[in-house]
Structure formats: C-alpha cells, structure tokens
Amino acid sequence: MTKQTLLVTGGAGFIGSNFVHYWMKKNPQDTIINLDALTYAGNRESLADLEGQQNHVFVEGNIIDRELVNKIMADVDTVVHFAAESHVDRSILNPDIFLETNVMGTQVLLDAALKNKVKRFHHISTDEVFGSLELGSSEKFNEHTPYDPRSPYSAAKAGSDHLVRAYGETYGLPFTLTNCSNNYGEYHFPEKLFPLAITNLIDGLKVPVYGDGLNVRDWLYVQDHCSAIDRVLTDGKDGETYLIGGLTKDISNLEVVKMILSLMNKSEAEIEFIADRKGHDRRYSVDWTKINRELGWEPSVDLEEGLRRTIAWYENNQAWWRPLKEQAKDFFKANYKKEN
Ligand SMILES: NC(=O)c1ccc[n+]([C@@H]2O[C@H](COP(=O)([O-])OP(=O)(O)OC[C@H]3O[C@@H](n4cnc5c(N)ncnc54)[C@H](O)[C@@H]3O)[C@@H](O)[C@H]2O)c1
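Residues numbered from 1 in each chain as written. Predicted model: local features only at pLDDT ≥ 70, side-chain atom pairs only at ≥ 80, totals over all residues.

A.B. asks: I'm lost on the overall build of the chain in this one. Help?
C.D. replies: A tally of regular secondary structure across the chain gives 12 helices and 11 strands. Whereas a compact globule of 340 residues would reach a radius of gyration of roughly 20 Å, the chain reaches 19 Å, a difference of no more than 12%. Relative to its full complement of 340 residues, the chain shows a buried share of 45%. Expressed as a percentage of contacts within the chain between residues at least 6 apart in sequence, the contacts between residues at least 24 apart total 84%. (Helix = DSSP H or I, 4+ residues; strand = E, 2+ residues; numbered from the N terminus. Rg over C-alpha atoms; globule rule 2.2 N^0.38 Å. Buried ≥ 20, exposed ≤ 12 C-beta atoms within 10 Å, placed from the backbone. Contact = placed C-beta atoms within 7 Å.)

A.B. asks: Explain the environment of Lys117 here, please?
C.D. replies: Position of Lys117 among the secondary structure elements: in the loop between helix 4 (96-115) and strand 5 (120-126). By the C-beta count within 10 Å, which is 11 here, Lys117 ends up exposed. For Lys117 and Ala319, which are 202 residues apart along the polypeptide, the C-alpha to C-alpha distance reads 42 Å.

A.B. asks: Help me understand unusual backbone geometry, please; the structure alone is not making it clear to me.
C.D. replies: Backbone geometry at Lys117 places phi at a positive 50°, although glycine is not the residue there. The residue Asn265 is not glycine, and still its phi comes out positive at about 55°. Within the secondary structure layout, Asn265 lies in the loop between helix 8 (253-263) and strand 11 (271-274).

A.B. asks: When you look at the site of the ligand in this model, what are you seeing that I'm missing?
C.D. replies: Around the ligand, a shell composed of 31 residues is seen, among which Gly10, Gly13, Ala41, Gly42 and Ala84 lie nearest. Of all the secondary-structure elements, those providing two or more residues to the shell around the ligand are helix 1 (14-26), strand 2 (31-36), helix 4 and strand 5. Considered class by class, the residues forming the shell around the ligand number 15 nonpolar, 13 polar and 3 charged. (Near = placed C-beta within 6 Å. Nonpolar A, V, L, I, M, F, W, Y, C, P; charged D, E, K, R; others polar.)

A.B. asks: Any chance you could explain the nonpolar core here in plain terms?
C.D. replies: Side chains of a nonpolar character, in soluble globular proteins, are inclined to be buried together. Core analysis: the largest hydrophobic core is formed by 81 residues, its most contacted members being Leu7, Phe19, Ala113, Ala197 and Ile244. Excluding its chain neighbours within four sequence positions, the residues that come into contact with Phe19 are Val8, Val80, Phe82, Cys226 and Ile229. (Core = buried A, V, L, I, M, F, W, Y, C linked by C-beta atoms within 7 Å.)

A.B. asks: Could you clarify how one ought to interpret the sheet that holds strand 10 (residues 241-244) in this entry?
C.D. replies: Sheet strands pair by backbone hydrogen bonding; their relative direction is either parallel or antiparallel. Taking strand neighbours across the sheet as the criterion, the 7 strands line up as 3-2-1-4-5-6-10 in an open arrangement whose pairing is parallel. Only two strands of the sheet have a single partner each, and these edge strands are strand 3 (56-60) and strand 10. With strand direction ignored, the average angle separating the axes of adjacent strands in the sheet is 15°. As defined by bridge partners, strand 6 (residues 175-180) adjoins strand 10 across 4 bridges and the pair is classed as parallel. From the neighbouring strand, Leu177 faces strand 10, where its bridge partner is Thr241. Against the sheet, helix 4 touches strand 1 (5-9), strand 4 (78-81) and strand 5, its axis set at about 175° to strand 4. Relative to strand 6, helix 7 (residues 222-235) is tilted by about 155°, and along the sheet it contacts strand 4, strand 5, strand 6 and strand 10. (Pairing = 2+ DSSP bridges. Axes fitted to C-alpha atoms, helices over the stretch in contact; angles between N-to-C directions.)

A.B. asks: Help me understand the packing of helix 6 (residues 193-202) against helix 8 in this model?
C.D. replies: Packed helices, taken two at a time, are described by the angle between their axes plus the distance between the axes. The interhelical angle for the contact between helix 6 and helix 8, taken along N-to-C directions, is 35°, at an axis separation of 10 Å. Relative to helix 8, helix 6 is oriented so that their crossing is right-handed. Along its contact with helix 6, which presents Leu193, Phe194, Ala197 and Ile198, the element helix 8 presents Asn253, Val257 and Ile260. In the contact of helix 6 with helix 8, the residues fall into 6 nonpolar, 1 polar and no charged. (Left-handed = near helix turned anticlockwise from the far one by under 90°.)

A.B. asks: Would you explain the environment of Pro149 in this entry?
C.D. replies: Structurally, Pro149 can be placed in the loop between strand 5 and helix 5 (152-171). C-alpha separation for the pair Pro149 and Asp238, spaced 89 residues apart in sequence, amounts to 25 Å. Ignoring any residue separated from it by four or fewer positions in sequence, one finds Pro149 in contact with Glu128, Val129, Gly131, Ser154, Ala155 and Ala158.

A.B. asks: What should I look at first to understand helix 4 in this one?
C.D. replies: It helps to recall that an α-helix has 3.6 residues per turn; residues three or four apart then point in one direction. For helix 4, built from 20 residues, the straight-helix expectation of 28 Å at 1.5 Å per residue is met to within 8% by its first-to-last C-alpha distance of 28 Å. At Gly105, helix 4 is bent by approximately 25°, the largest bend along its length. Along helix 4, the positions that sit buried rather than exposed are Phe98, Thr101, Asn102, Gly105, Thr106, Leu109, Leu110, Ala112 and Ala113. Buried residues belonging to helix 4 abut strand 1, helix 2 (66-72), strand 4, helix 3 (88-93), strand 5 and helix 5. Positive phi appears at Lys117, one or two residues downstream of helix 4, with a value of about 50°. (Expected span 1.5 Å × (residues − 1). Bend = angle between axes of the 7 residues up to and from the residue.)

A.B. asks: Help me understand the packing of helix 6 against helix 10 (residues 303-316), please; the structure alone is not making it clear to me.
C.D. replies: Put simply, helix 6 and helix 10 touch, their axes get as near as 10 Å, and they point 55° apart. With respect to their mutual orientation, helix 6 and helix 10 come out oblique. Crossing of helix 6 over helix 10 shows right-handed handedness. Here helix 6 contributes Phe194, Pro195, Ile198, Thr199 and Ile202 to the contact with helix 10, which in turn contributes Thr310, Ile311, Tyr314 and Glu315. (Parallel < 35°, antiparallel > 145°, perpendicular 65-115°, else oblique.)

A.B. asks: Would you mind showing me how to read the pairing of strand 6 here?
C.D. replies: Within a regular strand, side chains alternate between the sheet's two faces. For strand 6, a buried count of 6 out of 6 residues is recorded, marking the element as mostly surrounded by other parts of the structure. Strand direction decides the pairing type here: strand 5 and strand 6, joined by 6 bridges, are parallel. The partner of His122 across the bridge, within strand 6, is Thr176.

If you want it as structure tokens, here you go:
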C-alpha cells in the first residue's frame, strides 16, 4: 500500500472528524494533517481517541492564514477540504464570516496547493448550491444542474466550487469535487435538526420543527458520505464532479422527526412547530447515478438504520454533546422562535 500525507481541513467538525476516523482506520499507513480553527463548530473532543497517534497531526489554525497554510502544505499529497462555515441559520444572522472562510479561505488553500504541487485537491461541497426544487415534483439535482444558491451559506459555497474549477481550468490544478446532500450521524453539533431532536428527547424536552415541517431533504448517514469521498479519492477522475445523496424517495422533515420519536418510544405530542427559516428551501433531492455507475458507490444503510445508530450514539456519548448544547444557548434563543 502506498503511503500518503493528507491535509484535512475542518477535521474537528462534524463530517471532517468522521472522515478522519474513517480514513485512519482504513489507511493506518497514511499521515493526516488536520487543520482546524476550532470555531464554535470545531471540537477537539471529537478527536479525543486519536490523541497521541503519531500519524494524526492536529494544527489549530485558520485556512485564511497564507503563511501557515503554505508551510503545512509542503509535503502534502492530497487535500480534503471540509473547513467551512456551514450552518444556514447562522449565515442568515451573520453572512460576513461565510464569505471570508468559504470563499477567501478556499482560495488561500488553492494557491498553496498549486504552489506545493499537490496531487489532488478534493473539495467538499453541498447540494444546496443548486437551489430548491418544487415539493411533490420528481426532479432531482444532477451534475448538470445550473447553480442557483439561495442562502448566504450556499452562495458562499457556490463561490468556492467555482474557484476550485477555475483553478483546475486556468492553472491545471488536479481536483475533484463532490456535492453532497444533508448528513446526519455521530459528532453532529447539537443545534442541527436531528441531534437537536434526539438530545431534546433524551432530556424530556420538545422537538422544534420549522414551519409546516413539509420541507424535504435527501438525508445521508455520515459514514456513507465518508465512503463516497473515499471512492472519489481512490478512483475519481481529475476535474470531475460527483453528486452524493442518500434516499431514493422523498421524506419530509416532519416524517423524519416522527421516525425519531417512534425509535425513541416518544409520542407526537413532543413536536413543537416554530417560525419558519427565512427563504427556507422546500425540497432537495439528489440523483447519485454517476458515482454509483462509475465508482460503484451506494449508501450502506437506510434512513431508519442510520437513525437507530445515531440515537444510540447520542445516548452513549452525553459527555460529548452536553457542553456544546450549553454553549449554543444564545443561538437557540435568537433562532428558534415559537410560532404565534
Ligand atoms: N453537514 C452537512 O449536511 C453537509 C452536507 C454537504 C456538504 N457539507 C459540507 O461539508 C463540509 C463540512 O461540513 P460540517 O457539517 O462538518 O461542518 P461543521 O460546521 O461541523 O465543521 C466545520 C469545521 O471547519 C472548521 N472551520 C471553520 N472555519 C474555519 C477556518 N476559517 N479555518 C479552519 N477551520 C475552520 C470548524 O472549526 C469546524 O471544525 C462543509 O464544507 C460543508 O459545506 C456539509
């Protein structure tokens, strides 16, 4: 097996930390340099079991720090770029930092990747760059769908996607790009829908659901996102984009919450409808035929099994999420307002 060095950005966040665990288990011969600014969303505790492992080097730092980024890129073969401001609700409250990190930060990384001749720059993006689909339609996003971002978060991610492709075209930077649907699973910050619902229910609290709850997302278990990135890093073609999704039929947020309630033996009386998010995209749905056909990837679990594993994880890892939930109290107050 060839040994390589990966620079993972945002590896203390939700998907990044899952990916670091996934990769180190599967490729123990590799070294991971994990660059993370430890914003509210980054947490060293998500990497606690890797403490002391020589082939995992944690660097606390910002991706917009050119000097630092250049220095740590020196012997890197592959960049896997997760670091971003990622929460739509926060982007509505404060868009500035989204442009700084997601757009400017990505450009700093791209420059350093070029300068240090990395073999592959893999950019992690979202299906939210494609905008919103009609509820009830059978339309899906695919690799040819035009960009139509509708929140400051997705607009900034769209900007970063364009930059990555532009560096490929203009300077010949070897890259791949994946646009993935909404993830759920272990180490997910407890202000997001699923972990909020699960942790509230553990504490005997109600579960907030936006608006009428009919919004549709294409949920994917985070471990399956990691295996898809693995397939693209291993066999994906230079310059290609792959869409990653989890479901084959629509399921509304309300139905998912009901599924969580039933798996946790709770009644639907625990649901509390709250004022809808501004510009709330109605429906996302991803056609993941290309990655399935060309790289043989498919999700390993369905939504119910993924939720079962996620609920068990939150029940067994309360020391991980309790301090984070405490920290996010001000955000909850500003963001989740009861429907009048
Ligand atoms: N969560 C999802 O459902 C989802 C779906 C598709 C794509 N994505 C994309 O996947 C990536 C990771 O998402 P996530 O949900 O794990 O996000 P997250 O918010 O949980 O983690 C982001 C991480 O990046 C770090 N970070 C933020 N700004 C930084 C900076 N300037 N320099 C260095 N580190 C910084 C944070 O400390 C955190 O550890 C993002 O690019 C996101 O757009 C997420």
